[in-house]
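# Working through the structure, step by step
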Amino acid sequence: MSAATRTTVEDIIERRRKARLGRSVFYLILFALVVWSIQITIIDDTDWARMGSLDNVLEAAGQFLAVDVSLFPDLIEPAIETFMIACLGTLLGVVICIPAAWFGAVNITPFKPVTYPLARLMMTLSRSIHEIVWALFFVAAVGLGALAGVFAIAVRSLGFIAKMSAEAIEDIDPGPVEAIKATGASPIQIVVYAILPQVLPQVLGVIIFEWEINIRRSAILGLVGAGGLGLVFFRQMNTFNFAGVTSVIITILAIILIGEVVSHFVRKSTI
Amino acid sequence: MATHSPTTPNWNRFKFPDSAIRWGSWFAAFVFLAYSVEYLNIPLDRLLGMLGRMGDTLANRYYPPDIDYIMNADYMQYVVETVQMAYLGALFGLLLTLPLGWFAAHNITPSRRYVYPVARLVTMGFRAVHEMIWAIIFVTILGFGMLPGVIALTFFCTGFAGKLFAEEIEAIDMGPVDAIKATGANLLQVVIFGVLPQVRVAFTGIAIYTWDVAFRAATVVGFFGAGGMGWYLKRNVLQIETERVAAILLSIVVLVIISEIVSAWARSRVMKMK
Amino acid sequence: MAILEVRNLTARYSAAGPEILKGISFDVEDNDFFAVIGPSGAGKSTLIRCINHLVEPTSGEIVFDHRNVTQLNNREMRGLRRDIGMIFQEFNLIDRMSVMDNVLSGRLGDTSTFRSILRAFSKSDIQHALTLLERVGLIDHVDKRADELSGGQRQRVGIARALMQDPKLLLLDEPTSALDPKISREIMALIKEMAHELKVPCLCNIHDVNLAMEFCNKILGLQDGVVMFNGPTQDMNQDKLNEIYAMEVL
């Protein structure tokens, strides 16, 4: 008995050593990669002379520590605009999600070889392209202003909401669907009575989640001309009024906070 | 068919006050949204025409994309730098998330009165500020280049992953943690042996998700001077070289899709490990 | 004339799959409470679902109320289903909806799409639902969510929903398999009483032979997709049961 266990224990020790060695090599390579990247991206690329000393940097940073209080009254309207862009954008996004989620759910997609991959492609495109890029596109397409922002938000939200909704639809219990079918209901009635109630809690949660993120996104779309606080931010930066920039950031944080409070209440009431 | 029996009560779908509140809230939301359309001057009647014009713009000015413009070594270098910025930002962000997530987790934070609220505030603050704002701020302080980009991405990733990580930690089973505590281990040891093993897999998932988001942001921070292919984008947008812009956007989409395929593969490997 | 006539029914789930039903023939008369018994895999569930075309038969004839089930278009099929009520083993209620709405959903076939989306059912429908709910003993639970009820209560809602359709035939797919023995007996008794009152024949797939013998007047014994017994309950005896369940014994 002792001979057998001794070999087994030694085996285990040897195996652990080898595993540790393998892991160490892996981490070493990773570390080398990181160091190399840091060298290329930061050390070589940065104009250290122009940046100056640590004091210079701290001074530059300190410019943001002041707050331009006089700016706040002028920020109310853009703030409301940003909030509205987020709301309308999310709403429009939900509307275009309806066909997208329908096509993107394996169990109810109308023509699987075509509609399913198409929906999945739309969802991927929507999520892969940054909202700034969408905003640039829509500003070029429909002009400067809030409308471009609404479209950009809508299209950006499609990916996440439709994907989550499609997954919820794919997870439903087929029993109630069979039961409603057996009463002689039409396809639309089957969707409204058997499918929708099953996915609604999840879908609503996803919509609220995305709405909160959209407030954050709407605030900066103005940087490229799509309306809201982003435009004020841009202007303050251009006139080097860094205290004003800080004011804008504070306002953005404030409306994000409002969004969190609202979403908390909505979640509580719909569970 | 059954006749109306005297004991059958009446039934109304509308229940006061619950139904009133529900319908009232929906109505209020509808009014707000309608007012928003008015406030933002959205021309509902011209909307469909606009969509048609959008299609025209796409077909005429953005097609065909000027692929030759981006198929050169200079652009490829920018692409590589974008990738490097992204994973450095994600890496540093995740390194910072380890302690920050711990401090921001209500169940194992070292001090519920002082450390916890500060950590939560920091996480929320870093997360609430959009990554583009971080980029602009750091470009202002440090000048153009990839350093502000990496720092901006780091700040963003710390907030992003920090919240998710703290939530994962708060969801663990406290049993093993108490067991380690009972052996007399100090707080750090409790975290390493009691908490980490439980959240290891979830953390890997969070890491992959963070990489996805970081990469997507890295492709655009260059627009504001923080290094990477976004710089190319800005130049061509300003010069209204729409076919080149189309090519750059195409390259961004392709890269992000490749990155997502890699992430999906990595995530499935992680799921198998579970 | 029998309300339901089945002739040489065959069915398989996929073109390459095995034949589940291999030529079933039987009749259901106006006042029957017809039980379908047999070992697992005998095709009982499939048979029930062929009647209202939830499963498509491969060949054979099903004539319900003078209508040939296999030759109906979509609209006519929905009309057929309106006249056939179905009660399920797992109840298949809409969990998040109230008991009232679940019962009303039995009326979907006769309600326009627009009104059904707004849940604006007619007053007579609501009255009918209340009457049924009182009959099944759930009048005090009308506004509760379906998932707040016990198993037995949920099946009662299922019964009310099926009868809401004013059906000419009730299909039951193991209505008591998910319930404990005492409740099972109550539910079977309730179904039999109400079916008798409303003069609705029933075709019932049932696993528990004792329940079948106690409540049903006719029995169809299936084994491996083939009819082994078709006749009144009093003709059933232990030998014939053994024949039907031979596979299980082995």
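Residues numbered from 1 in each chain as written. Chains lettered and ligands numbered in written order. Predicted model: local features only at pLDDT ≥ 70, side-chain atom pairs only at ≥ 80, totals over all residues.

## Points about the overall build of chain C
- Of regular secondary structure, chain C possesses ten helices and ten strands.
- Compactness check: chain C gives a C-alpha radius of gyration of 18 Å against a globular reference of 18 Å for 250 residues, within 12% of the reference.
- Here chain C holds 250 residues, and the buried ones make up 44% of them.
- In chain C, the proportion of contacts linking residues at least 24 apart, taken out of those at least 6 apart, comes to 68%. (Helix = DSSP H or I, 4+ residues; strand = E, 2+ residues; numbered from the N terminus. Rg over C-alpha atoms; globule rule 2.2 N^0.38 Å. Buried ≥ 20, exposed ≤ 12 C-beta atoms within 10 Å, placed from the backbone. Contact = placed C-beta atoms within 7 Å.)

## Regarding the overall build of chain B
- Looking only at helices and strands, chain B has eleven helices and zero strands in total.
- Order of helices (α) and strands (β) in chain B, N terminus to C terminus: α-α-α-α-α-α-α-α-α-α-α.
- Over its C-alpha atoms chain B spans a radius of gyration of 26 Å, topping by over 25% the 19 Å that the globule rule assigns to 274 residues.
- For the C-alpha atoms alone, the extent of chain B along its principal axes is close to 80 × 70 × 40 Å.
- Going through the 274 residues of chain B one by one, you find that 38% of them count as buried.

## Concerning the sheet that holds strand 4 (residues 59-64) of chain C
- Spatially, the four strands line up as an open sheet ordered 2-1-4-5 (chain C), and their pairing is antiparallel. Either end of the sheet is taken by a strand with one partner, and the two such strands are strand 2 (19-28) and strand 5 (67-68) of chain C. (Pairing = 2+ DSSP bridges.)

## Looking at the nonpolar core
- Among the nonpolar cores identified, the biggest contains 221 residues, and A135 and F138 of chain A together with L203 of chain C are the most heavily contacted of them.
- When residues no more than four places from it in sequence are discounted, the contact partners of F138 of chain A are A148, F151, A152 and A226 of chain A. (Core = buried A, V, L, I, M, F, W, Y, C linked by C-beta atoms within 7 Å.)

## Focus on the confidence of the model for chain C
All names here are of chain C.
- A residue-level look at chain C finds 98% of positions with pLDDT of 70 or above and a mean pLDDT of 91.
- Mean pLDDT values for the elements of chain C range from 61 in helix 10 (residues 246-249) up to 96 in strand 6 (residues 84-87).
- Two summary scores accompany this predicted model of the complex, namely pTM at 0.86 and ipTM at 0.91. (pLDDT = per-residue confidence, 0-100.)

## Looking at the pairing of strand 3 (residues 33-37) of chain C
Residues and elements named next belong to chain C.
- Counted residue by residue, strand 3 has five buried out of five residues, so it is predominantly covered.
- Neither face of strand 3 is exposed, since F33, A35 and I37 on one face and F34 and V36 on the opposite face are all buried.
- Bridging between strand 3 and strand 8 (residues 202-205) involves four bridges; their strand directions are parallel. Note that in strand 8 the partner of F34 across the bridge is L203.
- In terms of strand pairing, strand 3 meets strand 9 (residues 218-223) through four bridges, oriented parallel. Bridge pairing in strand 9 links A35 to I219.

## Regarding helix 5 (residues 123-135) of chain C
Residue and element names in this part refer to chain C.
- Spanning 13 residues, helix 5 covers 18 Å between terminal C-alpha atoms, matching the ideal 18 Å at 1.5 Å per step.
- Along helix 5, the residues classified as buried are H128, A129, L130, L132, L133 and R135.
- Its buried side turned inward, helix 5 meets helix 3 (99-104), helix 6 (151-164) and helix 7 (181-197). (Expected span 1.5 Å × (residues − 1).)

## Re the pairing of strand 8 of chain C
All names here are of chain C.
- Residues C202 and C204 point to one face of strand 8 and L203 and N205 to the other, with burial holding for every one of them.
- Across four bridges, strand 7 (residues 169-173) lies against strand 8 in parallel orientation. The residue of strand 8 that forms the bridge with L170 is C202.
- With respect to chirality, the unit in which strand 7 leads through helix 7 into the neighbouring parallel strand 8 is right-handed. (Right-handed = clockwise from strand over helix to strand, strands pointing away.)

## Details of the confidence of the model for chain B
- Within chain B, residue pLDDT values average 87, and 96% of them lie at 70 or more.
- Counting contacts from residues 1-6 of chain B, a segment whose pLDDT is below 50, to residues more than four positions away or on other chains yields four contacts.

## Side note on unusual backbone geometry
- The amide bond that connects Y63 of chain B to the next residue, P64 of chain B, takes the cis arrangement and shows omega of 0°.
- By the secondary structure assignment, P64 of chain B is in the loop between helix 2 (47-61) and helix 3 (67-70).
- Even without being a glycine, F91 of chain C presents a positive backbone phi close to 70°.
- With respect to the helices and strands, F91 of chain C occurs in the loop between strand 6 and helix 3.
- One non-glycine residue with positive phi stands out, namely D166 of chain C, at about 50°.
- With respect to the helices, strands and loops of the structure, D166 of chain C is situated in the loop between helix 6 and strand 7.
- When the 15 C-beta atoms within 10 Å are taken as the criterion, D166 of chain C is described as partly exposed.

## Describing the sheet that holds strand 9 of chain C
All names here are of chain C.
- Across the sheet, which stays open at both edges, the six strands sit in the order 6-7-8-3-9-10 with mixed pairing between neighbours. The sheet is open, and its two borders are formed by strand 6 and strand 10 (226-232), each paired with just one other strand. Each strand axis lies, on average, 15° off the axis of its neighbour in the sheet, ignoring direction.
- Taken strand by strand, helix 6 contacts strand 6 and strand 7, and its axis lies near 170° from that of strand 6. (Axes fitted to C-alpha atoms, helices over the stretch in contact; angles between N-to-C directions.)

## Some points on the interface of chain A and chain B
- Contact with chain A, which involves 43 residues of that partner, is made by 42 residues of chain B.
- For the side of chain A that touches chain B, the class distribution of residues is 32 nonpolar, six polar and five charged. (Nonpolar A, V, L, I, M, F, W, Y, C, P; charged D, E, K, R; others polar.)

## Quick notes on helix 8 (residues 174-182) of chain A
- Those residues of helix 8 of chain A not exposed but buried are P176, V177, A179, I180, K181 and A182 of chain A.
- At the exit of helix 8 of chain A stands G184 of chain A, carrying a positive phi of roughly 90°.

## Considering the packing of helix 5 of chain C against helix 6 of chain C
All names here are of chain C.
- One way to put it is that helix 5 packs onto helix 6 with a least axis distance of 9 Å and a crossing angle of 140°. Between helix 5 and helix 6, the crossing angle belongs to the class labelled oblique. In the crossing of helix 5 with helix 6, the sense of the turn from one axis to the other is right-handed. Residue-level contacts link H128, A129, L132 and L133 of helix 5 to A160, L163 and M164 of helix 6.
- Classifying every residue of the contact of helix 5 with helix 6 by side-chain character gives six nonpolar, one polar and no charged. (Parallel < 35°, antiparallel > 145°, perpendicular 65-115°, else oblique. Left-handed = near helix turned anticlockwise from the far one by under 90°.)

## Things to note about the packing of helix 7 (residues 146-170) of chain B against helix 9 (residues 187-221) of chain B
All names here are of chain B.
- At a minimum axis separation of 9 Å, helix 7 and helix 9 run at an interaxial angle of 150°. Viewed along their axes, helix 7 and helix 9 form a crossing whose handedness is right-handed. Between helix 7 and helix 9, the residues in contact are G149, A152, L153, F156, C157, F160, A161, L164, F165, E168 and I169 and V195, V199, A202, F203, I206, T210, V213, A214, A217, A218 and V221, respectively.
- Classifying every residue of the contact of helix 7 with helix 9 by side-chain character gives 19 nonpolar, two polar and one charged.

## Things to note about the environment of S36 of chain B
- Along the chain, the position of S36 of chain B falls in helix 1 (residues 18-39).
- Its 21 C-beta neighbours within 10 Å are what place S36 of chain B among the buried residues.
- For the pair S36 of chain B and F92 of chain B, spaced 56 residues apart in sequence, the C-alpha separation works out to 41 Å.
- Not counting residues within four places of it along the chain, the set of residues in contact with S36 of chain B comprises M84, C87 and L88 of chain A.

## Section: the environment of Q202 of chain A
- Mapped onto the elements of the fold, Q202 of chain A is located in helix 9 (residues 187-221).
- Sequence spacing of Q202 of chain A and I169 of chain A is 33 residues, and the spatial spacing of their C-alpha atoms is 9.9 Å.

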